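# Structural characterization, general
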Amino acid sequence: MKHFLTTSDWSREELDSMLQLAAELKKTPLNSSLKGRSIALLFLNPSLRTRTSFDLGMQQLGGIAIVLQPGKDAWGLEFKTGAVMDGDAEEHIAEAAGVLSRYCDLIGLRAFPSFVDWSKDREDNVIKSLAKHSSVPVINMETIVHPCQEMAMMLTLKERMGTVAKRKMVLTWTWHPRPLNTAVANSALLMGTKFGMDVTLLCPEPAFLLDSQFMDKAKENAAESGGSLQVSHDIEAAYAGADFVYAKSWGALPYYGRPEEEYELRKKYRHFIVNEEKMALTDNGLFSHCLPLRRNIKATDGVMDARYCVALDEAENRLHVQKALMMNLLGADQ
Ligand code: CP
């Protein structure tokens, strides 16, 4: 049994095959390959796209989805092994995963990091704990990586570019009033390099570099795929000649858990917004973002409304790639 916790556990060929199936499902959305099958979707954090696309996607394949929000409409969960459960959590993941595995064929989990201690959060132990106790495949719906978003980004690029290898991708940090999860940035770095793109990570200063486990894995990916990875703090040089600009804001890891101190650092960098002038430096490049996005904070109205903005395509493609993923995990993709 295979889980979908990170794309790093899957080969380029396996991911490519899922992307191909996703493209077919986009043309022919309805089938009954998962009739009688079900997925439990556990959301510890809010969602618009992930929740809607998984629920609808399962229905379009003949199955059903059950959405649960532990701590709200389901019992609060404890994930730590050996925890003395005298806090708010009423149920341990050992039982919750065991029970849901008896009812459902798949379990998805969204569990953002705690934003207290990165040395703990970087281990991704919450979803690993679910996977350990589940006897059905587990899907990561965003923890410290967002593999479903990566897949949607890549499907969108393949639709627009055909071949993505050696195309210049700029992953740019953007301004936002508070430190956000690094998951989408980590994932974009992993996916771009895995598929042979020449990736430039643009951020204001070294404090905004991503965790070494993702930087190192991206370098390894690039060495295998023939792509490349470089870091830049120079906005004009990074945008110059880009085929694709992917924007995301994230928190500076050395300041993790200290948002007031981190704000003193980030407040100098409002100019990292994506605007029409910067996009004009690209080689007729595409722009995208995972959404949600604060307009005129992360990107201007002009960028979001431009023909080169493919953020809605990417959001739509979440539906198609997740259907392909569910079919693959349940052996219905043959
Ligand atoms: N991009 C994404 O995962 O969107 P939601 O947070 O709305 O699910």
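Keep in mind the model is a prediction, meaning the values are calculated, not measured. (Residues numbered from 1 in each chain as written. Predicted model: local features only at pLDDT ≥ 70, side-chain atom pairs only at ≥ 80, totals over all residues. Heavy atoms only, no water.)

## Description of the packing of aromatic side chains
In the structure shown here, the tally under the stated rule is 10 aromatic pairs. With 5.8 Å between their ring centres and 25 degrees between their planes, Phe115 and Tyr256 make a pair best called stacked. Of the two residues, Phe115 sits in the loop between β5 (106-110) and α4 (118-121) while Tyr256 sits in the loop between β10 (244-248) and α10 (259-266), which places them 141 residues apart along the sequence. Exposure remark for Phe115: the relative accessible area of 32% places this residue in the partly exposed category. Residues Phe208 and Tyr269 carry aromatic rings whose centres are separated by 6.2 Å and whose planes lie at 90 degrees to one another, so their mutual orientation is edge-to-face. (Phe/Tyr/Trp six-rings, centres within 6.5 Å; stacked < 30°, edge-to-face > 60°. Helix = DSSP H or I, 4+ residues; strand = E, 2+ residues; numbered from the N terminus. Buried < 20%, exposed > 50% of the residue type's maximum accessible area, 1.4 Å probe, protein only.)

## Some details on the pairing of strand β9 (residues 228-232)
Pairing of strand β8 (residues 198-202) with β9, which is carried by five bridges, proceeds in the parallel orientation. Among the inter-strand pairings, Leu201 is bridged to a residue of β9, identified as Val231. Handedness of the crossover is the feature at issue here: the chain leaves β8, passes through helix α8 (residues 212-225), returns alongside β9, and the resulting connection is right-handed. (Pairing = 2+ DSSP bridges. Right-handed = clockwise from strand over helix to strand, strands pointing away.)

## Things to note about the site of the ligand
The ligand sits among Ser47, Leu48, Arg49, Thr50, Arg110, His146, Gln149, Cys290, Leu291 and Arg318. Between the ligand and Leu48, the relevant distance is 2.7 Å, taken from an oxygen atom to a main-chain nitrogen or oxygen of the residue. At a separation of 2.6 Å, an oxygen atom of the ligand approaches a polar side-chain atom of Thr50. Summarising the interface, the protein chains cover 93% of the accessible area of the ligand, which totals 250 Å² for the free molecule. Within the shell around the ligand, the residues separate by chemical class into three nonpolar, four polar and three charged. Residue assignment places the shell around the ligand across two domains, with domain 1 (7-145 + 318-329) and domain 2 (149-314) each supplying three or more. (Near = heavy atom within 4 Å. Polar contact = N/O pair within 3.5 Å; in protein donor to acceptor, adjacent residues only side chain to side chain. Areas by Shrake-Rupley, 256 points an atom, 1.4 Å probe, with all protein chains shown as cover. Nonpolar A, V, L, I, M, F, W, Y, C, P; charged D, E, K, R; others polar. Domains from an automatic or database assignment.)

## Quick word on the sheet that holds strand β6 (residues 138-140)
Read from one edge to the other, the open sheet built from four strands follows the order β2-β1-β5-β6, with strand pairing classed as parallel. Unpaired on one side and paired on the other, β2 (64-68) and β6 mark the two borders of the sheet. This sheet shows a mean twist of 20 degrees between the axes of neighbouring strands, independent of strand direction. Packed on one face of the sheet, helix α5 (residues 125-133) meets β5 and β6 and runs near 165 degrees to β6. Relative to β6, helix α13 (residues 311-329) is tilted by about 155 degrees, and along the sheet it contacts β1 (38-43), β5 and β6. (Axes fitted to C-alpha atoms, helices over the stretch in contact; angles between N-to-C directions. Contact = heavy atoms within 4.5 Å.)

## Considering α13
Look at α13: 27 Å from first C-alpha to last across 19 residues, which is about the 27 Å you get at 1.5 Å a residue. The largest bend along α13 measures about 30 degrees and falls at Asn317. For α13, a buried count of 16 out of 19 residues is recorded, marking the element as mostly surrounded by other parts of the structure. Just past α13, the residue Gly331 takes up positive phi, approximately 65 degrees. (Expected span 1.5 Å × (residues − 1). Bend = angle between axes of the 7 residues up to and from the residue.)

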